[in-house]
Structure formats: C-alpha cells, structure tokens
Amino acid sequence: MDRLVNTVRPYAWGSTTAIPELLGVRPTGEPQAEMWMGAHPGAPSRVDRGTGPVALSEVIAADPEGELGADAVSLFGPQLPFLLKVLAAASPLSLQVHPDLEQAKEGYADEEERGVPADAPHRNYKDANHKPELICALTPFNGLCGFRDPNEAAELLAALEVDSLKPYVDILHAHPESHALREVLTAVLTADREAMTETIRQAAAAAERLGALDGPHAPAYAAYASIAQHYPGDPGVIAAMLLNFVTLQPGEALYLGAGVPHAYLDGLGVEIMANSDNVLRCGLTPKHVDVPELLRIVRFESAAPAVLRPEADPSGEELYATPIGEFRLSRHVLADGAAARPLPATGPQILLCASGEVSLRGAQGELPLKRGESAFVPAGEEVVLGGDGTVFRATVTA
C-alpha cells in the first residue's frame, strides 16, 4: 500500500477554502477545484516505494497485472480504469453530457480519421472510452441533472413572463416529450446570440424575483438566477431551465450515465468516474459547443434525479450501487473502539479518509491516514481498516 501525493487543479469555478479545509492547510487565495487521486495522465498521483516519488501511472505501466490484477487488465486494459476526485465547486461548472461507449468509439475514430488534432479546441473525443460518473456529497451539494417533464419545464418558463420564451412554452406543451425537448434545446443553442442575451437578461431578473418568494420552485429559480450571474448571455442559462434542480445532503449521491445533461453548481463532494476525458458541452462555458454532435449524444427523455443512498452489507461497508464495471464506490464509517475491518483484495483500491483518522494495516506494516489523505492498495494486497473516521473506497466491480 502506498500513500498518495495528489495534485489539486485550480479551475476558476473552484472554492478557495473547501479543499484546504479538508486537507488542514492554509488557503492560498486561489481557487482549488479538484484533487485528483489515480493514474490519469493529466495529473497522476505520486507514490514513493523507497526510490523517490514516482507517478502512479508509471508504477502501473511497469507491472499492470501486479498492480491492477489480471481480471481488471483483461476487462479494462493495462491502466487504472477509474479516477477518484474531491470536487469543490463555488460557482457552476459547464452544462455537459457524456457519450456511451459505442458513441465514444465512433466519435474518436471519426476525428482520428479526419485528422483533428488531439489538442484542437473543437475536438470532442479525446479517447475512445465512455465517462459515467458518480458524485457523493460531503456538504449540501447543488446540481442540475436530467430533463424535467416538458409540461413542468413549460410552467417554469411561463412563470418568468418573458415574451421571447413563449414559443418554447408552446412547443413543450404541444409536442411528444422527446421531440419537444430536442426542438427547444436546439432552438436555444442555435438562436441569434444578441437576441438570446436580452432573453437571458429578462429571464434572470424574473428568476431572481421568483427565487426570493416562498414557493416550491423557489430554490430552482434562485439557482437559475445565480447561473445567469456567472454566465451572462450564455444560452446554457435557458437550457439549464429545462433540467431538474437537485440538492444532495451529505452522504447522498447521483449517478450520471451516458446522454444525461448535467451541471454541478456548488458544494463539496467525492466524485468517481471512468478514466476518460470525453465531454460534450451544452453551455455555461467559453469552450466549444458542437450542437450537431451534442444532439446525437443527448438522451431526450425526462426523469426525476435518482438520488442514491449507501446500502450497508453485514461487514459494515456501505455501497453506492451503480451499473458500471470500471468503478465501485463505497464508504466505511468507523467508530473508535470498533472492530477493524478487512478489505477485499480482489482489485486495485484507492482509499480516501474524509473525516477523522484511520489506519491501514497490512503485511508491509501500518499506514495512518488523516482527513484528506489517501492511499493506493494494489490488487491482491490484504489490508485491514481501523480507526475513527469515514473512508471512501474506490475499486472496480468484482
């Protein structure tokens, strides 16, 4: 087992205080958005096995089966198939959607054949993999997830009393669900930018007014008004109003599969995802929005957000059940004096201490972890978890 030294990414939307507080260090004043734990080539964690710090990606590349296990290599190739993060949002992230595996393979092959440079700003597919993800809240966590029922979306838009939104309201009321959502999203993202800027201004002012009232949709309106403040004139502000607003309480999670439009708004959470960079953006960003490709990827169907709560097994492990093989996220809530818990050694593991202090005991000795610290456990290595705190366990599905 190895203590991980991790990179914190300073994206502009990040909180200046949440990750420093988790790590017990002094804030720098700069945004600290994501702490990455894993072997992603963009910012691999580092380990030291006695010869100095080495990227975890290099350690795995030198002995994939020894570090990941033969089963994981057979299923997912010679790389760690997931990336674990602590995500700290102080302002909205981009509105985005991820392709399924077949779409990713097709899109990547097409862009490779057309010679689109890997670092081109208009490139959609960085790899041939899908990117399902799970976000688990450490604090109250706000986000947007999936389309609302079109009739409900129409009522929310109509209440804004903005004349230029009335055609969208009519479409949402009149068309079958998938056609209505597709038509309105297409119209929003392809509208004249100058005209849309005025629509957004009026809609934001109305949303701020409605968000201050005592009504069932007040939190959603307040969120839309905040989004507009951060992204004035961005068509994604109106697109966001088609989506469900959701607040996760600590310990609750959302699984985001392929084709589901979503955006994280604010809060601190633990995020796990397949090891991919494939993102199609719908707005709330200065980056490229490829509307035709986006419309190929988005699933135009409404559904209430499926909030996950951990399910405990007899060992005390609490699992966030997801239909994906590349990752499996669970947590252990340990009390002082409780019996230590052996962890299965079937696949590679990353363990993150989210609160308190815990220890890992194995054949190599004991590794203590304080709040915010993490460790990598290679496949086949047996460790026992003890202490007083909360630990998130990331591995592959057995």
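Residues numbered from 1 in each chain as written. Predicted model: local features only at pLDDT ≥ 70, side-chain atom pairs only at ≥ 80, totals over all residues. Heavy atoms only, no water.

1. Considerations on the packing of helix H7 (residues 166-174) against helix H8 (residues 177-190)
Contact geometry of H7 with H8 gives a least axis separation of 8 Å together with a crossing angle of 160°. What the angle tells us is that H7 and H8 run roughly antiparallel. Here H7 and H8 pass one another in a crossing that is right-handed. On H8, the residues that touch Tyr168, Ile171 and Leu172 of H7 are Ala180, Leu181, Glu183, Val184, Ala187 and Val188. In the contact of H7 with H8, the residues fall into 8 nonpolar, no polar and 1 charged. (Axes fitted to C-alpha atoms, helices over the stretch in contact; angles between N-to-C directions. Helix = DSSP H or I, 4+ residues; strand = E, 2+ residues; numbered from the N terminus. Parallel < 35°, antiparallel > 145°, perpendicular 65-115°, else oblique. Left-handed = near helix turned anticlockwise from the far one by under 90°. Contact = heavy atoms within 4.5 Å. Nonpolar A, V, L, I, M, F, W, Y, C, P; charged D, E, K, R; others polar.)

2. Observations regarding the UniProt feature "domain: Phosphomannose isomerase type I catalytic" (unreviewed entry) in the chain
In the numbering used here, UniProt assigns the feature "domain: Phosphomannose isomerase type I catalytic" (unreviewed entry) to residues 3-148. Helix makes up 26% of residues 3-148 and strand 25%. Its end C-alpha atoms lie 43 Å apart. (UniProt positions renumbered as here; feature names shortened; annotations may be inferred.)

3. Description of helix H6 (residues 150-159)
Taken residue by residue, H6 has Pro150, Ala153, Ala154, Leu156 and Leu157 as its buried positions. Taken down its axis, H6 places every buried residue within 165° of arc, on the same side. The secondary structure elements touched by the buried residues of H6 are H7, H8 and helix H10 (218-230). The N-terminus of H6 is capped by Asp149, whose side-chain oxygen sits 2.9 Å from the backbone nitrogen of Asn151. Phi turns positive, to about 55°, at Glu161, one or two residues after H6. (Buried < 20%, exposed > 50% of the residue type's maximum accessible area, 1.4 Å probe, protein only. Arc of directions from axis to C-beta. Polar contact = N/O pair within 3.5 Å; in protein donor to acceptor, adjacent residues only side chain to side chain.)

4. A closer look at the nonpolar core
Ranked by size, the top nonpolar core spans 55 residues in total, and within it Leu157, Leu160, Leu172, Tyr224 and Ile227 carry the most contacts. Looking at which domains feed residues into this core, each of domain 1 (9-67 + 82-143 + 249-308) and domain 2 (151-228) supplies at least three. Leu157 has contacts with Leu165, Tyr168, Val169, Leu172, Met241 and Leu242, leaving out every residue within four places of it along the chain. Ala18, Val59, Leu68 and Leu268 belong to the second largest nonpolar core, which has 37 residues in total. (Core = buried A, V, L, I, M, F, W, Y, C linked by side-chain atoms within 4.5 Å. Domains from an automatic or database assignment.)

5. Here we look at the UniProt feature "binding site: Zn(2+)" (unreviewed entry) in the chain
Within the UniProt annotation, "binding site: Zn(2+)" (unreviewed entry) is assigned to Gln96, His98, Glu133 and His262. Spanning 167 residues, the named residues nonetheless gather at one spot, since no C-alpha pair among them exceeds 12.3 Å. None of the other annotated residues line the largest pocket; only Gln96, His98, Glu133 and His262 do. Locating His98 in the fold gives a position in the loop between strand E7 (95-97) and helix H5 (101-113). Sequence-distant contacts of His98, defined by excluding residues within four places in its chain, comprise Lys131, Glu133, Ala258, Gly259, His262, Asn278, Val279 and Ile297. Of the polar contacts made by the side chain of His98, one reaches the side chain of Glu133; its length is 3.1 Å. Relative to the helices and strands, Glu133 is located in strand E8 (residues 133-137). The residues contacting Glu133, other than those within four sequence positions of it, are His98, Leu254, Tyr255, Leu256, His262, Tyr264, Glu271, Ile272, Met273 and Phe327. A polar side-chain atom of Glu133 sits 3.3 Å from a polar atom in the side chain of His262. (1 Å grid on protein atoms, 1.4 Å probe; cavity = no way out; pocket = protein on both sides within 12 Å on 5 of 7 lines; lining within 4 Å.)

6. Observations regarding the environment of His122
Looking at where His122 falls in the secondary structure, it is placed in the loop between H5 and E8. Along the primary structure His122 and Val289 are separated by 167 residues, whereas in three dimensions their C-alpha atoms are 8.0 Å apart.

7. So, the packing of aromatic side chains
Within this structure, the stated rule accounts for 3 aromatic pairs. Measuring from ring centre to ring centre gives 5.5 Å for Phe141 and Tyr264, while their planes differ by 75°; the resulting arrangement is edge-to-face. In this pair, Phe141 is assigned in strand E9 (residues 141-147) and Tyr264 in strand E12 (residues 262-274), connecting sequence segments 123 residues apart. One exposure class covers both Phe141 and Tyr264, and it is buried. Between Phe147 and Phe300, the ring centres sit 5.6 Å apart and the planes meet at 25°, which makes this aromatic pair stacked. (Phe/Tyr/Trp six-rings, centres within 6.5 Å; stacked < 30°, edge-to-face > 60°.)

8. Let's talk about the pattern of salt bridges
Counting across every chain of the model gives 17 salt bridges. For Arg201, the salt bridge is made with Glu198, and the minimal N-O distance between the two is 2.6 Å. Placement of the pair is Arg201 and Glu198 together in helix H9 (residues 193-211), with a separation of 3 residues, close to one helical turn. On the accessibility criterion, Arg201 (51% relative accessible area) is exposed. A relative accessible area of 33% places Glu198 in the partly exposed class. Between Glu252 and Arg309 there is a salt bridge, and its shortest N-O distance comes to 3.0 Å. (Salt bridge = Lys/Arg side-chain N within 4 Å of Asp/Glu carboxyl O.)

9. What about unusual backbone geometry?
We note that Glu161 has phi near 55°; this positive angle belongs to a residue other than glycine. Within the fold, Glu161 resides in the loop between H6 and H7. Note on Glu161: relative accessible area 64%, which makes it exposed. Positive phi outside glycine occurs at Leu284, with the angle close to 60°. Tracing the backbone shows Leu284 in the loop between strand E13 (280-283) and helix H12 (291-297).

10. What to know about the layout of surface pockets
Space inside the largest pocket adds up to approximately 980 Å³. Residue lining of the largest pocket: 46 residues in total, with Ser94, Gln96, Val279, Arg281 and Lys287 positioned closest to the centre. Elements supplying a minimum of two residues to the lining of the largest pocket: strand E3 (34-37), strand E6 (82-89), E12 and E13. Tallying contributions element by element places E12 first for the lining of the largest pocket, with 6 residues. (Points joined across faces, edges and corners; volume = space filled by probe spheres on them.)

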